[in-house]
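Listed below are the residues making up each chain.
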Protein chains: 2
Amino acid sequence: MSGQLEQIKVFLAVADAGGFSRAAQTLGLSPSSVTRSVADLESALGVQLFKRTTRKVALTQAGHNYAQRMLPVISEIARIDDGARAFQTDLQGRLRISAPLSFGTHFLAAPIAAFRNSYPGIDLSVNLTDRFVDIMQADYDMALRISGAPSDLSTIWRKIKQVRRSLVASPGYLEDHGTPVDPTHLSTHACLSYTNLAEGEVWELTDPITGATHPIRQTFRFACNNGDLLAQMAAADQGIALLPDFLVADALAAGRLLRVLPEWQTPQIWLTAFYPPYQKLPAAMDRFTACIEAAVTDLRL
Amino acid sequence: MSGQLEQIKVFLAVADAGGFSRAAQTLGLSPSSVTRSVADLESALGVQLFKRTTRKVALTQAGHNYAQRMLPVISEIARIDDGARAFQTDLQGRLRISAPLSFGTHFLAAPIAAFRNSYPGIDLSVNLTDRFVDIMQADYDMALRISGAPSDLSTIWRKIKQVRRSLVASPGYLEDHGTPVDPTHLSTHACLSYTNLAEGEVWELTDPITGATHPIRQTFRFACNNGDLLAQMAAADQGIALLPDFLVADALAAGRLLRVLPEWQTPQIWLTAFYPPYQKLPAAMDRFTACIEAAVTDLRL
DNA sequence: GGACATTATTGCGCTTTCTGCAATAGATAA
DNA sequence: TTATCTATTGCAGAAAGCGCAATAATGTCC
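Computed from a predicted model, the values in this text were never measured in an experiment. (Residues numbered from 1 in each chain as written. Chains lettered and ligands numbered in written order. Predicted model: local features only at pLDDT ≥ 70, side-chain atom pairs only at ≥ 80, totals over all residues.)

### Details of the overall build of chain A
Phase 1 of the analysis: When helices and strands are counted, chain A shows nine helices and 14 strands.
Phase 2 of the analysis: In summary, chain A has a C-alpha radius of gyration of 32 Å against a globular reference of 19 Å for 301 residues, an excess of more than 25%.
Phase 3 of the analysis: Each of the three principal axes of chain A carries a C-alpha extent, and together these read 105 × 35 × 30 Å.
Phase 4 of the analysis: For chain A, buried positions account for 34% of its 301 residues. (Helix = DSSP H or I, 4+ residues; strand = E, 2+ residues; numbered from the N terminus. Rg over C-alpha atoms; globule rule 2.2 N^0.38 Å. Buried ≥ 20, exposed ≤ 12 C-beta atoms within 10 Å, placed from the backbone.)

Dropping the structure here:
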């Protein structure tokens, strides 16, 4: 028993058992170990904790005081240890989530409500933003993002599901400007771009038959960092937009928007969950991810 | 750093320094030791305490909670350790003393008062009794006794001073029964015996010239376990008593008692201090003994 | 009063663990 | 991409842990 805490535990066992041998038996140690532990503790403190002969062992005043004050401390440590263990296994604590704005408003209500019902002990904090945040610095437990291949290597991530996107425009716009039947036509159209501050969007269409990829040079007449507004602009005859299906499903169904070049595949993007660098994900994060995954497979994204 | 307490201290240092290397430098350890300590603690708890890459280190929720709760515990342990150390060096606490009854009433007031003035932080508890108590069982810190060579080996003891004794009788008694001039005469006298319950007293007189020892077979007409009462009985013409000088000094000076066979030496007895089995005596006991010794050398016992 | 039984301590060898150094892998900034 | 800083891991030497056996001390029983 090397550390001080272990020595204290041995000391308390001796005080409780009233003898070194009995304590050794209780602890499953050899009597010599017990002697050494107590002797080392005493010499570290510079105080004798027991008055002892080979026949009687009694606490000194210092020892009595030491035992009385250490006892609650030791059990407090055990309680704190258990509390820490509970973080891994129990569903408790706080979960700070970051998610894309439009995705959040269109999709998150149901799974979050389900999660909260299932695990009322977990406090949820959801931050909707399209900015790519530093998950560590902002102290998120999890960030959902819709993007291509993650470049960030410092965090761990997990693709949840591919998000289908379509080029869409309103019937009115297509009537006025014609419907493109080839990607090259797009350069003459008004394109509506999702743009997150600095980075511009590049549309890249893949021929469904040959598999050839066409990087498109579009002219963006309107750019915005919010998909909902882009969809509304497209519906208002402003041009062609590349938007996730979950944002335009209603408009498509209602005929307010039509798919453009529906055969051509746009670059694949995924709903991806990012986590801080954990060896093993805490249970709460695991469960939340499971909730999202379940909701995603039910509804078609 | 093997023990859990040491691991916790390393963990807190890392949390405080915000990095493993910085913490290692602060603690004077190698970074690898710090890594191992934290890793071992984490695996013992089954919880990750830090979210970490090679560039950033941040507490997990579990770690944050752990640090916050452990911090006061660690400092409490340091405080308790210091408190224990203080027992060895500081003059504080409680001192439970046992002393012979008559010795106590005749002699102890002055040194005790002096001691209390010098060390007001020490609570004194004095138990006057002539019974030989088990110092461990009765939980005394010190027992003063007046006796021959100590037979008890389980305690440590220290002769403080020889206590002179004299055979004394009243002038009236000696007038009636004659003054002994040889120890053999004592067998025809009424002898007053100090007797502590079971054990009878044996008078043994040594010839001051030849050094020959005379075991005396006395007839005890009166026995008592209290020296004061014996002295009063002697003064009341009841016979010859063997009593410590400090008990009969006044009576001798006043002529109420006279020395009998003053040249013959009685068995030597000492004022002796007994202590529980300490390797090193706590400061308070040391000081109290010193007080008694000082008082003893001043006054003639 | 003496032998016995019990208990704490200590010496010793063996095993385990710990430590630091050097090499490696990972992550951020220029 | 390169350079640099940091956490981690492999390894070998060092230190400490452990139990066993022997010793010493002490209380008890006869």
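### Let's talk about the interface of chain B and chain A
Phase 1 of the analysis: At the interface, 38 residues of chain B touch 38 residues of chain A.
Phase 2 of the analysis: Contributions of two or more residues to the side of chain B that touches chain A are made by α1 (4–17), β1 (50–52), α4 (61–89) and β3 (93–99) of chain B. (Contact = placed C-beta atoms within 7 Å.)

### Comments concerning helix α2 (residues 20–27) of chain A
All names here are of chain A.
Phase 1 of the analysis: Residues Phe 20, Ala 23 and Ala 24 constitute the buried set of α2. Buried residues along α2 cover an arc of 105° about the axis, so they all sit on one side.
Phase 2 of the analysis: Of the surrounding secondary structure, the elements contacted by the buried residues of α2 are α1 (4–17), α3 (31–45) and β2 (57–59).
Phase 3 of the analysis: Directly beyond the C-terminal end of α2, a positive phi value near 75° is found at Gly 28. (Arc of directions from axis to C-beta.)

### What about the sheet that holds strand β5 (residues 142–147) of chain A?
Residue and element names in this part refer to chain A.
Phase 1 of the analysis: Across the sheet, five strands lie side by side as β4-β3-β5-β14-β6; this open sheet has mixed pairing. The open sheet has two free edges, formed respectively by β4 (122–128) and β6 (156–163), since each of these has just one partner strand. On average, each strand axis in the sheet is tilted by 20° relative to the strand beside it, whichever way the strands run.
Phase 2 of the analysis: In this structure, β6 lies alongside strand β14 (residues 269–275), joined through seven bridges in antiparallel fashion. In the strand pairing of β14, Lys 161 is matched with Leu 271. (Pairing = 2+ DSSP bridges. Axes fitted to C-alpha atoms, helices over the stretch in contact; angles between N-to-C directions.)

### Structural notes on the relation of the copies chain B and chain A
Phase 1 of the analysis: Mapping chain B onto chain A calls for a rotation angle of 180° and an axial translation of 0.0 Å; the resulting RMSD is 0.2 Å. In short, the pair behaves as if placed about a two-fold rotation axis. Proximity to the rotation axis, assessed at the C-alpha, singles out Gly 3 of chain B in chain B; its C-alpha lies 1.9 Å from the axis. (Least-squares fit on C-alpha atoms with pLDDT ≥ 70 in both.)

### Here we look at the sheet that holds strand β14 (residues 269–275) of chain B
Residues and elements named next belong to chain B.
Phase 1 of the analysis: Pairing is mixed across the open sheet formed by five strands, whose spatial order is β4-β3-β5-β14-β6. Single-partner strands in this sheet number two, and they are β4 (122–128) and β6 (156–163). When the angles between neighbouring strand axes are averaged without regard to direction, this sheet yields 20°.
Phase 2 of the analysis: By the bridge criterion, two bridges tie β3 to strand β5 (residues 142–147) in an arrangement that is parallel. Of the residues in β5, the one forming a bridge with Ile 97 is Met 142.
Phase 3 of the analysis: Helix α5 (residues 101–118) rests against β3, β4 and β5 of the sheet, and its axis sits at about 175° to β4.

### A short note on the domain arrangement of chain A
Phase 1 of the analysis: Its domain assignment divides chain A into domain 1 (4–89) and domain 2 (93–301).
Phase 2 of the analysis: Taken over C-alpha atoms, the centre of domain 1 of chain A sits 60 Å from the centre of domain 2 of chain A. (Domains from an automatic or database assignment.)

### A word on the confidence of the model for chain A
Phase 1 of the analysis: Confidence in the prediction for chain A averages 89 pLDDT; 94% of positions are at 70 or higher.
Phase 2 of the analysis: Mean pLDDT values over the elements of chain A span from 76, in strand β10 (residues 213–215) of chain A, up to 97, in α1 of chain A. (pLDDT = per-residue confidence, 0-100.)

### Some points on the packing of helix α5 (residues 101–118) of chain A against helix α9 (residues 283–298) of chain A
When two helices pack together, their arrangement is given by the angle between the helix axes and by the axis-to-axis distance.
All names here are of chain A.
Phase 1 of the analysis: Contact geometry for α5 and α9: axes closest at 9 Å, N-to-C directions at 135°. One finds that α5 runs oblique with respect to α9. Here α5 and α9 pass one another in a crossing that is right-handed. Two secondary-structure elements touch here, α5 through Ala 110, Pro 111, Ala 114 and Phe 115 and α9 through Phe 288, Cys 291, Ile 292 and Ala 295.
Phase 2 of the analysis: Across the contact of α5 with α9, the residue classes break down as eight nonpolar, no polar and no charged. (Parallel < 35°, antiparallel > 145°, perpendicular 65-115°, else oblique. Left-handed = near helix turned anticlockwise from the far one by under 90°. Nonpolar A, V, L, I, M, F, W, Y, C, P; charged D, E, K, R; others polar.)

### Examining the nonpolar core
Phase 1 of the analysis: Val 14 and Leu 49 of chain A together with Val 14 and Leu 49 of chain B are the most contacted members of the largest nonpolar core, which has 48 residues in total.
Phase 2 of the analysis: Aside from chain neighbours lying at most four places away, what touches Val 14 of chain A is Phe 20, Ala 23, Val 34, Val 38 and Val 57 of chain A. (Core = buried A, V, L, I, M, F, W, Y, C linked by C-beta atoms within 7 Å.)

### Overview of the pairing of strand β7 (residues 165–169) of chain B
Residues and elements named next belong to chain B.
Phase 1 of the analysis: Along β7, five of the five residues are buried, which leaves the element largely enclosed by surrounding structure.
Phase 2 of the analysis: Going residue by residue along β7, you find Arg 165, Leu 167 and Ala 169 tucked away on one face and Ser 166 and Val 168 tucked away on the opposite face as well.
Phase 3 of the analysis: The pairing of β7 with strand β12 (residues 240–244) spans four bridges and is classified as antiparallel. When the bridges of β12 are listed, Ser 166 appears paired with Leu 243.
Phase 4 of the analysis: Where β7 and strand β13 (residues 258–260) come together, three bridges link them in antiparallel fashion. Within β13, the position partnered with Leu 167 by the bridge is Val 260.

### A short note on the packing of α1 of chain B against α4 of chain B
All names here are of chain B.
Phase 1 of the analysis: Two elements in contact, α1 and α4, have axes whose closest approach is 10 Å; the angle formed by their N-to-C orientations is 120°. As judged from the angle between their axes, α1 and α4 are oblique. In this structure, the crossing between α1 and α4 has a hand that is left-handed. On α4, the residues touching Ile 8, Lys 9, Leu 12 and Ala 15 of α1 are Gly 63, Ala 67, Met 70, Leu 71 and Ile 74.
Phase 2 of the analysis: Among the residues making up the contact of α1 with α4, the classes are represented as seven nonpolar, one polar and one charged.

### Digging into the environment of Pro 72 of chain A
Phase 1 of the analysis: With respect to the secondary-structure elements, Pro 72 of chain A resides in helix α4 (residues 61–89).
Phase 2 of the analysis: Placed 170 residues apart in sequence, Pro 72 of chain A and Leu 242 of chain A show a C-alpha to C-alpha distance of 64 Å.

### Notes on helix α7 (residues 227–235) of chain A
All names here are of chain A.
Phase 1 of the analysis: Within the sequence span of α7, burial applies to Gly 227, Leu 230, Ala 231, Ala 234 and Ala 235. The buried residues of α7 occupy one face: seen down the axis, they fall within an arc of 140°.
Phase 2 of the analysis: Phi turns positive one or two residues past the end of α7, at Asp 237, with a value near 65°.

### Regarding the environment of Thr 210 of chain A
All names here are of chain A.
Phase 1 of the analysis: Residue position: Thr 210 is located in the loop between β9 (204–206) and β10.
Phase 2 of the analysis: Look at Thr 210 and you get exposed, because 7 C-beta atoms sit within 10 Å.
Phase 3 of the analysis: For the pair formed by Thr 210 and Asp 90, sequence separation is 120 residues and the distance between their alpha carbons is 52 Å.

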